[in-house]
Structure formats: structure tokens, C-alpha cells
Amino acid sequence: MSILIKNGRIITAVDDYMGDVFIENETITHIGKSLDMEADEILDASGKYLFPGGLDPHTHLDMPFGGTVSADDFETGTRAAAHGGTTTLIDFAIQTKGQSTLEALDTWHAKAEGKTAIDYGFHMIVTDLEDDRVHEMKMLADEGVTSYKLFMAYPGVLYVDDGTIYRAMRKAGENGTVVCMHAENGIVIDEIVKRALAEGKTEPKYHALTRPTRMEAEGVHRAISIAEVANVPVYIVHLSSSDALEQVMLARNRGVHAFAETCPQYLFLDHSYYEQEGFEGAKYVMTPALREKWNQDELWKGLKFGDLQSISTDHCPFCFKDQKTLGIDDFSKIPNGGPGVENRMSLVFNGGVNSGRISLNKFVELTSTAAAKTFGLFPKKGTIAVSSDADIVIFDPNRKETISVDNSCTHHMRVDYNAYEGFEVTGFTETVLSRGKIIIKDCEYMGKKGDGQFLKRGLYGGMK
Ligand code: URP
Ligand code: ZN
Ligand code: ZN
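Sequence order as written defines the numbering, with residues in each chain counted from 1. Naming scheme: in the order in which they are written, chains are lettered from A and ligands are numbered from 1. Confidence filtering applies because this is a predicted model: local features only for residues at pLDDT of at least 70, side-chain atom pairs given and counted only at 80 or more, and all residues used for totals across whole chains, interfaces and linings. Note: side-chain values were computed over all heavy atoms of the structure, leaving out hydrogens and water.

Describing helix H12 (residues 360–374)
Going by this rule: Helix and strand assignments follow DSSP, with helices taken as H or I runs no shorter than four residues and strands as E runs no shorter than two, numbered in order from the N terminus. Residue count minus one, scaled by 1.5 Å, sets the expected span of a helix. Fitting axes to the seven residues ending at a residue and to the seven starting there, one defines the bend at that residue as the angle between these axes. Buried, partly exposed and exposed residues are distinguished by accessible area as a fraction of the type maximum, computed with a 1.4 Å probe on protein chains only: under 20%, between the cut-offs, and over 50%, respectively.
End to end, H12 covers 20 Å across 15 residues, agreeing with the expected 21 Å (1.5 Å per residue, within 8%). Along its length, H12 reaches its greatest deviation from straightness, about 55°, at Leu366. By the criterion of burial, H12 is predominantly enclosed, with twelve of the 15 residues buried. Of the residues trailing H12, Gly376 is marked for its positive phi of about 70°.

Next up, the structure:
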């Protein structure tokens, strides 16, 4: 099977030129100014951009959490991602306490295998790491799981203490792998939460009011300091505030391999969403919480000047009616997380490129290339180049859509609300190719369950 994409404006993290792309089976084999080649199918991309497929390095599909399970599974979540122009996800497998991490990996393989629309990899969430388990980290790396997530938040659930963090980081550093950190001081936050509840403060807005940005900054500072001593690169996930970003910048200025991502919710939503009528604020109960609006400008600056490297979604949807209501009388029981995997590319294009905050090249870097490099997938993923996988988005920079749960072009996530309801975006995914197969065309899904493959990732690539 061959496909020739004609007349597109090819944008990578470093290039911007008009050209044609020739795909044979799953791979890009030729790129040229004007390719005169026979192909089984010809796509005309005149007036459109060709981006490398989006890579979202932070999703939680089919994840048991907060007394329920995230609403998208590997079938629905990856299909929704594809609609939005994302062709690779890195999801989180979870080791339960006392369990072998290899057994946990098997559990997550069973959840995903044969179900996904796009390619995927796993990070491993480590919840305990006795000395006799440390050797498993190398075994995971050999299985293509070359990054781990550790939590300073959620005591009693996913939280690990500093000793465990140090142990895991040392081993990760020796193995050439990378540690992702949920950096918030969960122990102090839990004390603040207990006090709020004792005072009868039970509404959703108290989720945010009990999670000061200073406790995120403290977690970031501590995570980076431990990583510095353990000699391992550290990647701060879902960084949400200026206070936290400042800690990343201080560390990078002294030469530490500290990296961070932020997410659309911290760039486009803010604390005022908790002030909505009734229980509506529960839709935005996620961790870290939404911050005061002024933080957004600081995050955009961080993205523009390279102190934040990626934009992931932390897609972890829970239905408003049946799941968020678990916390109707107590904000601490609202399942933490929100939807977003489908809307990331358009939101960032509209709010970043169209608003003049970032360049087109930066857009590609933030939504695809940087994460491919950090997480050992580049140049198979994250660029448009000869020999790379033919994961390509034909993107219409002029198409307008209003994001809504009711818009059949903007919402395929299996959740009963859209966090960006009513947002108008200019710039929308028209066609998506995943390893050379057209899986989305004009809002229609053309692929089939199981098209996606597990990606055995390489070692940390941040030095490449
Ligand atoms: O609220 C969130 N972020 N839920 C998903 C789990 C996590 O902390 O990433
Ligand atoms: Zn987290
Ligand atoms: Zn997460």
C-alpha cells in the first residue's frame, strides 16, 4: 500500500517547507518538492499543514482511581485521541502495593492489547520498591518501559516516601531511564483537607483551596533535589503554577536535567471554574488543581523559552453524573481527573500559534517531538522524515470548530461533559494517518480496534 500526500506545508520541530510525502506501507520513504510517483492513493493537502502525529505522554485509560475507573478505556480513549490528531499515547501502568511491577505490566498489556486505534507505550507507576524489587526496573526497561512515575501526592494510595523516591531514582539513573514525578506535598495537603472538612467546607472549590501552589513548588524542589543527588533526569508531570515553574528554572540554571510538562487545563482553564453553580465545579476537580489565571502567562513563557518541554493532557475522565457525584457531600471523594486527549492539538494551536505565543515549529515540538525524544521514541515518532513512521496529521489551519460534548467533530471521549465546552478554535485535524493507514478523515473514524501497537521504547533520549 502506498500513499502520496501532495502540496502540503510540512512542519516539524525544525523545518517548514512545501513538499510531497510518499509513504510505503507504514513508513515515510520519500519527501520531495514535487514527487512524481505512482501511488495507490493520492491525498491533496493544498492549503493544509502536515504535522507529525501528536504524542501525548500522559494519559490514564481504564485506570482504577478514586473508588471508580476512568471512563475511557484503551478503545474509546485512543479513538478519541486519533480524532484530535494524536497518534501515540504513553499511558500509566500501576503497580499495586506488594505486587511485582512485571505482573502489573502484564495487567496493563491485557487492558490495551488488541483494543487501541493508535500506537501506545507505558510508564510504570511504582507504589513500593523494596530492595528485592529494585532489579525489576531493569527488566521493565528491557520490556520497553523506560520511565516510571512516582507520586508525592495521594498518601495511602499512590504516595511513596522520599527514601523510595531516592532508591528508584538511583536505579533509574544507572539504567539510563527517566523518572516522572507527581510533585505536590500530599502529606501537608491531606492535613489542610482534614481541617477544611472539619470546618464543614465540602464543596468542589475546596479541592483547589486546600492545595496551595507552594506545596506544588515544594514538591518540585524536593523531587529535583533528590534527582540531582541520585544523578537521574527527572520529568515533572502536569506542572500547573508559576511557583512550581520557578523551581524548575532554578534547577535548570544550575545544570540539572530537570524537565517538565504542562497541560491544556492549566493553560486555558483557571480557578474561577470552581465558582460555578451547584456541583459543576466537580468537573474540574483534578490534581494539581486549576490555578489563578495569571499563572497561565508564566506557563506560556516557560513553554516559549524552553523551561517547559511538552504539553500532555493527563487525560483521566470521570463522568459528571455517575462518577464525580461520588463526592457530592465531600470534595475529597470526587475522583480526581478530567478529559482532554481529543482537544489538545486544536487548543494549543489556537491558543498558542494563532495567539502569537509560540511558533509553528514550537507547536510541533511541544505536542510531539520533545516527548518522543525524552521517552525514547524519536525519530520513529515525533517527526516527518524518511524512515520515520508515517504518523501524519493533515491539519486545516483555517477550519473553525466550537468544542462541545454535542459536536460530533470535537467529542468522541466516553465522558458526559467536555472541559472546554464552548471554546472556539481555529485550526482542526482533517486527516490522520497512523503508520501509513488513514484512520481519520473529515471527522470519520476509518480505522479498526487493534490497529495500534505497543511501543517498546528506547532509553532516555534527552541527551540526543
Ligand atoms: O487529577 C489527576 N491528575 N488525576 C490523574 C492522576 C494523576 O495525578 O495524574
Ligand atoms: Zn499525577
Ligand atoms: Zn496523571
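Details of the state of the cysteines
Cut-off, in case you're wondering: Here, a disulfide means two cysteine sulfur atoms that sit within 2.5 Å of each other.
Counting across every chain of the model gives one disulfide. Across the disulfide, Cys409 is cross-linked to Cys443 (sulfur-sulfur distance 2.0 Å). Between Cys409 and Cys443, the S-S dihedral sits near 110°, and the bridge is therefore right-handed. Taken together, the residues Cys409 in the loop between strand E16 (392–402) and strand E17 (424–434) and Cys443 in the loop between strand E18 (437–441) and strand E19 (444–445) connect sequence positions 34 residues apart. With respect to burial, Cys409 and Cys443 carry one shared label: buried. You can see Cys180 has no disulfide; the closest cysteine sulfur is in Cys263, sitting 12 Å from it. Residue Cys180 is classed as buried on the basis of its relative accessible area of 1%. For the unlinked cysteine Cys316, the closest cysteine sulfur is that of Cys263, found at 11 Å.

Re the coordination of the zinc ion (ligand 3)
Stated precisely, the cut-off is as follows: Coordinating N, O and S atoms are those within 2.8 Å of the metal (3.2 Å for Na, K and Ca), and as water is not part of the atoms, a site may appear to have fewer donors than expected. Sites are called tetrahedral only when four donors show all angles between 85 and 135 degrees, square planar or octahedral only when four or six donors show opposite pairs over 155 degrees and all other angles between 65 and 115, and irregular in any remaining case.
Protein coordination at the zinc ion (ligand 3): the donors are His58 (NE2), His60 (NE2) and Asp314 (OD), at 1.9 to 2.1 Å from the metal. For the zinc ion (ligand 3), the four donor atoms are set out with angles of 86 to 138° between them, so the coordination reads as irregular. Along the chain, the residues donating to the zinc ion (ligand 3) fall in the pattern H-x1-H-x253-D. Using a relative accessible area of 8% as the deciding quantity, one classes Asp314 as buried.

Focus: helix H11 (residues 344–354)
Counted residue by residue, H11 has nine buried out of eleven residues, so it is predominantly covered. Restricting attention to buried positions, one finds in H11 the residues Arg344, Met345, Ser346, Leu347, Val348, Phe349, Gly351, Gly352 and Val353.

Some details on the site of ligand 1
Rules: Here a residue is considered near a molecule or strand provided that any single heavy atom belonging to it is located within 4 Å of it. In protein, a polar contact requires one atom able to donate a hydrogen and another able to accept it; more generally it is a pair of N or O atoms within 3.5 Å, and residues adjacent in sequence count only if both atoms are side-chain atoms. Surface exposure here means Shrake-Rupley accessible area, sampled with a 1.4 Å probe, where a residue is shielded only by the protein chains that are shown.
Around ligand 1 sit 14 residues, and of these Lys149, Tyr154, Thr287, Asp314 and Asn336 come closest. A distance of 2.6 Å is found between a nitrogen atom of ligand 1 and a side-chain nitrogen or oxygen belonging to Asp314. Between ligand 1 and the protein, one listed contact pairs a nitrogen atom with a backbone N or O atom of Asn336 at 3.0 Å. With the chains in place, 99% of the 270 Å² that ligand 1 exposes on its own is no longer accessible.

Remarks on the coordination of the zinc ion (ligand 2)
Here the zinc ion (ligand 2) is held by the protein donor atoms Lys149 (NZ), His182 (ND1) and His238 (NE2), which lie 2.1 to 2.4 Å from it. Summarised as a motif, the one-chain spacing of the donors to the zinc ion (ligand 2) is K-x32-H-x55-H. A spacing of 3.8 Å is found between the zinc ion (ligand 2) and the zinc ion (ligand 3). Placement of Lys149 in strand E11 (residues 147–151) and of His238 in the loop between strand E13 (234–236) and helix H8 (242–253) is noted, with a sequence separation of 89 residues between them. For the pair shown, Lys149 and His238 are each scored as buried.

Focus on the pattern of salt bridges
Basically, it comes down to this: Any carboxyl oxygen of Asp or Glu that lies within 4 Å of a side-chain nitrogen of Lys or Arg is treated as forming a salt bridge with it.
Summed over all chains, the structure comprises 35 salt bridges. Where Arg399 meets Glu401, a salt bridge forms, and the shortest distance between an N and an O atom there is 2.8 Å. According to the relative accessible area criterion, Glu401 is buried, its value standing at 13%. Across the pair Lys448 and Asp451 runs a salt bridge, and its minimum N-O distance is 3.2 Å. One network of salt bridges, with partners in common, ties together Glu26, Asp119, Lys380, Lys381, Asp389, Asp391 and Arg435.

Side note on the UniProt feature "domain: Amidohydrolase-related" (unreviewed entry) in the protein chain
Stated precisely, the cut-off is as follows: UniProt positions are given in the numbering used here, feature names are shortened, and annotations may be inferred rather than shown by experiment.
Per the UniProt entry, the sites bearing "domain: Amidohydrolase-related" (unreviewed entry) are residues 49–438 in this numbering. Spanning residues 49–438, this segment combines 34% helix with 19% strand, and its end C-alpha atoms are found 16 Å apart.

A look at the confidence of the model for the protein chain
To keep things clear, this is the line we draw: The predictor attaches a confidence to each residue, called pLDDT, with possible values from 0 through 100.
When the pLDDT values of the protein chain are averaged, the result is 97; 99% of them are 70 or greater. Mean pLDDT across the elements of the protein chain bottoms out in helix H4 (residues 162–175) (96) and peaks in helix H9 (residues 264–268) (99).

Brief notes about the side chain of Thr116
Note the threshold: The contact rule is simple, with two residues in contact once any of their heavy atoms fall within 4.5 Å.
Relative to the assigned elements, Thr116 resides in the loop between helix H2 (101–112) and strand E10 (119–125). Contact partners of Thr116, with chain neighbours within four places excluded, come to Phe74, Thr78, Lys448, Lys449, Gly450, Asp451, Gly452 and Gln453.

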